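Report on the structure
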Amino acid sequence: MYKNNIVDRGQLYFSLCQVAKQFESGLVILDAQQQHNIIFANNIFASMVEYSNDELIGSTLSLLTGPLTDSNSEALILESLQLGLSLKLSIFHYRKDQTAFWNELSILPIRDHESIVQFYIVAARDITDSINVEALITVEREAYSELEQGANITDVFEHLCRHIATTLQKKSYTCIFLINQNRLKLTASNALSEKMQKIFHMMDNLNVDYGSFLQAIRKERYIVHDLAQHSKEWAKILQQNGIEAIWHQAIKTPEGELVGIFSLFFEESIKLPRPSEIKFLDRVAPIITLALKYFNQKQEILQLAYYDEKTGLPNFALFQNELTQFYQEDYRGVICIIEPGEYQRVVDLYGRQGGDALLLQLAQRAMFIPAFENALIARYTNSSVILASKHTIDEELEGLLHEIIVEPFTIEGKSVYITLKIGTSNYGQFISSTEAVKRADTALSVSLKSAGTTMKVYDESQVQTLQLEMEVLSSFSYALKNMEFTPVLQPKVNIQTGQIEGFEALARWFSESLGFVSPAIFIPVAENTGNIHKVDRVILRKILAWQKTRQDTGKQMYQIAVNISPNHFYDPHFVENMKQLINEYGVEPRYIKFEITESVELENMIRAKGIINELKAFGIAMSIDDFGVGYSSLGYLKELPFDEIKIDKSFIDHLTDGRMNAVVRTLIQLSADLNMKSVAEGIETEEQHLELQKIGCQVGQGYYYYKPMTLSEVEQLLDYETLPPY
Ligand code: C2E
Ligand code: CA
Ligand code: CA
């Protein structure tokens, strides 16, 4: 029996060896009766593990284990050998030189005719390559999905570095550097120690000749397996910091352009990479290139979708997304929509780019205000930016926003001072983000109607006003056709004598559908919709008709001032139309005066001067209205040949304030010097009257003397009063 067995075992072994020699992969035979010792190894196996046959024979498979071999896999092998089971697994094994590889083992027990396991045949295959490829496919897939989800490139690359380090199973600092302006910029690494940070910092200060370095690496890779043999300064720095070897691999675009390198820094000197490792490095580089390309493309798409093309500022879509984020994080703050009052004018003068430049500078200045450090700022419309602060800002807000315009803006090399129209609303908690923006917009609409820099905070009544404006607009053409606009007259009184010197005509509208509509509502609507010249003409016609009957019936004639909007004033046909109209009624032009609101447009001095001179030559008197509001410039007064200056009510209201009083005195003095009549508007009290009398103002207008009156009321008044001729 035993003898039989021997023969049997010998024969078995012999035939196994025959097979093993023919076998095309590595193969060893273990003796199941002798501690699973290796009793045979074919040449392929020997060269795979780089041990000689002598070294292999008599040892066991554990000869191949090393520090990173998985102990579970080892236990499985032992178990299968003890129980006589077949097994297939992949295990991390080490060659004689302690380099590692993935070993795919198939263990097969060989039994004799009595079913006793005599041997094990172990087929072994180095599958590092395919494991690496698999790992890379995973890495690649993960990289794309991370990018897809909006991860930034650094995070993706860091993940990649960790993965590479794990796959290569080498203790190394794995880093990706991208080329930025001919320098290498560390973009990601697997786990940077402080020490490495320090090294890179030192290298960066070295002024390494990156040009020649990059030239060298252009040839795929650059490997120094023993830095001690290198004399370059960078090599010394690395070495002094314990780095013994480096592998650099070029990262190139498919077109061959070098975009970066990826590097492994080893703390011990290390063999040249094996072919499988080189293959791996070769495969990693394109993944980096493609991820980078994909990221850049995504960035471009994002840029298009979320940034304003002209200024590079975030657009409203991005603003909305981020505001939603603010809501999720439970922030409460303020939304401001900011529009330069002179936007259109800047566009007229400097083109669209001028407007874009203005908005960009405006946004940048807002960003620099510390209170808006974490605020969202985006382009809202062509002419406005929108801002959402992260925190509530109360009283200080207006002052903060004022900082934006303290300094002039630079547009095409020219300094431009601007005013701001600002609408604000709170957001958070009970107000949806859409509603908050809508409210700020409503407040802006109100702000746009005021002169100078103004901030309006949203309140309910603004909505009603805006609604009314919409209604006003829709009833407008009907009103014009049916002559619903009529003038009332307010006397202009000689402050010194109390005599009526003339009148101002003010438009009134009794709408069939809306009832009485205040000029404060319909004048701006008419201005903004290009209808104001129609109102001005209707009023002028009615005044001329009235003047004509007075003239024909031999009554005392007074000069009547009509208001002319700046838009109308600059209409190319304005002068011609007015002359024609006055001639049509046959009223002497000296009984008509035009009041032009002081506005930024009067800065267009040369044109204004021409128009004024033409009208004066015809005989019409000219008055500058609302002087001192907004764009005050005493320069106007000297340049433009007005007959009269109307000092705005806001000054008269503050005559008790020393500074205001001084301003009014100066204005009165200056107008006297320039041969202009000074008119104080909105006088309501005796005190004001006496003060103006004292400081030498010539003419006054206000409820203190007379309220605006209908034409028939004026007729009656003038019939009773016997006044000396004007
Ligand atoms: P404005 O030209 O400054 O007219 C003076 C305004 O002050 C008038 O308001 C007048 O009724 C008011 N007022 C006069 N005295 C007093 C006073 O003692 N106290 C107060 N609180 N107010 C006083 P109104 O009639 O509401 O007109 C408002 C503005 O609408 C005018 O301001 C003028 O800019 C514009 N406007 C009126 N009619 C016309 C028109 O036919 N054409 C144009 N383009 N604008 C017009
Ligand atoms: Ca006026
Ligand atoms: Ca006025």
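Residues numbered from 1 in each chain as written. Chains lettered and ligands numbered in written order. Predicted model: local features only at pLDDT ≥ 70, side-chain atom pairs only at ≥ 80, totals over all residues. Heavy atoms only, no water.

As named in an unreviewed UniProt entry, the protein chain is EAL domain-containing protein, taken from Metasolibacillus meyeri.

The subject of this paragraph is the sheet that holds strand β13 (residues 384-388). Taken together, the 5 strands give an open sheet; going across it, the order is β12-β13-β11-β16-β17, and neighbouring strands pair in mixed fashion. Both edges of this open sheet fall to β12 (376-381) and β17 (454-457), since each of them pairs with a single strand only. Across this sheet, the average inter-strand angle for adjacent strands is 20°, counted without regard to direction. The pairing of β12 with β13 spans 5 bridges and is antiparallel. (Pairing = 2+ DSSP bridges. Helix = DSSP H or I, 4+ residues; strand = E, 2+ residues; numbered from the N terminus. Axes fitted to C-alpha atoms, helices over the stretch in contact; angles between N-to-C directions.)

So, about the pairing of β13. The element β13 is extensively covered by neighbouring structure, given that 5 of its 5 residues are classed as buried. By the alternation rule, side chains of β13 split into Ser384, Ile386 and Ala388 and Val385 and Leu387, which are all buried. Bridge count for strand β11 (residues 333-340) against β13 is 4 bridges, and the pairing is antiparallel. Across the sheet, cysteine 336 pairs through a bridge with leucine 387, a residue of β13. Counting the residues that bridge the hairpin from β12 to β13 gives 2 residues. (Buried < 20%, exposed > 50% of the residue type's maximum accessible area, 1.4 Å probe, protein only.)

Two residues of an α-helix separated by three or four positions point the same way, owing to the 3.6 residues in each turn. In a regular helix each residue adds 1.5 Å, so 21 residues correspond to 30 Å; helix α17 (residues 532-552) covers 30 Å between its end C-alpha atoms and thus fits that length. Residues of α17 that are buried include every one of Ile532, Val535, Asp536, Val538, Ile539, Leu540, Ile543, Leu544, Trp546, Gln547 and Arg550, and no others. (Expected span 1.5 Å × (residues − 1).)

Surrounding the calcium ion (ligand 2) are the protein donor atoms Glu504 (OE), Asn563 (OD1), Glu595 (OE) and Asp625 (OD), which sit 2.1 to 2.3 Å from the metal. Ordering the donors of the calcium ion (ligand 2) by residue number gives the pattern E-x58-N-x31-E-x29-D. (Donors = N, O, S within 2.8 Å, 3.2 Å for Na, K, Ca; no water.)

Near ligand 1 you find 22 residues, and of these Ala507, Arg508, Asp536, Glu684 and Tyr703 are the closest. In this structure, aspartate 536 approaches ligand 1 through a side-chain N or O atom, which is 2.6 Å from a nitrogen atom. Between ligand 1 and glutamate 684 there is a distance of 2.5 Å, counted from a nitrogen atom to a side-chain nitrogen or oxygen. A total of 790 Å² of accessible area belongs to ligand 1 in isolation, and the protein chains cover 81% of it. Sorting the residues of the shell around ligand 1 by element identifies β19 (500-511), α16 (519-528), α17 and β23 (621-627) as the ones contributing at least two each. (Near = heavy atom within 4 Å. Polar contact = N/O pair within 3.5 Å; in protein donor to acceptor, adjacent residues only side chain to side chain. Areas by Shrake-Rupley, 256 points an atom, 1.4 Å probe, with all protein chains shown as cover.)

Let us look at the packing of aromatic side chains. We describe a pair of aromatic rings using the distance from one ring centre to the other and the angle between the two ring planes. Applying the stated criterion across every chain, the model contains 21 aromatic pairs. A centroid spacing of 5.0 Å and a plane angle of 70° characterise the contact between tyrosine 144 and tyrosine 294, whose relative ring orientation is edge-to-face. Of this pair, tyrosine 144 sits in helix α5 (residues 128-148) while tyrosine 294 sits in helix α10 (residues 275-306), and the two are 150 residues apart along the sequence. Taking the centre distance of 5.8 Å and the plane angle of 20° together, the rings of phenylalanine 316 and phenylalanine 319 count as stacked. Placement of both phenylalanine 316 and phenylalanine 319 in helix α11 (residues 316-328) is noted, with a separation of 3 residues, approximately one turn of the helix. One aromatic cluster in this structure is built from Phe476, Phe485, Trp509 and Phe522. Above the plane of the ring of phenylalanine 409 lies arginine 365, whose end atom (NZ or CZ) is 3.9 Å from the centre. One Lys or Arg, lysine 707, reaches over the ring of tyrosine 703 and ends 4.8 Å from the middle of that ring. (Phe/Tyr/Trp six-rings, centres within 6.5 Å; stacked < 30°, edge-to-face > 60°. Lys NZ or Arg CZ within 6 Å of the ring centre and 35° of its normal.)

Coordination sphere of the calcium ion (ligand 3), protein contribution only: Asp625 (OD), Asp626 (OD), Glu681 (OE) and Glu681 (OE), at 2.1 to 2.4 Å. Written as a sequence motif, the donor arrangement for the calcium ion (ligand 3) is D-D-x54-E. Taken as a pair, the calcium ion (ligand 3) and the calcium ion (ligand 2) show a spacing of 4.0 Å, with aspartate 625 coordinating each metal. Note that aspartate 626 is positioned in strand β23 and glutamate 681 in the loop between β25 (677-680) and α24 (686-695), a separation of 55 residues in sequence. Overall, the relative accessible area of 23% leaves aspartate 626 in the partly exposed class.

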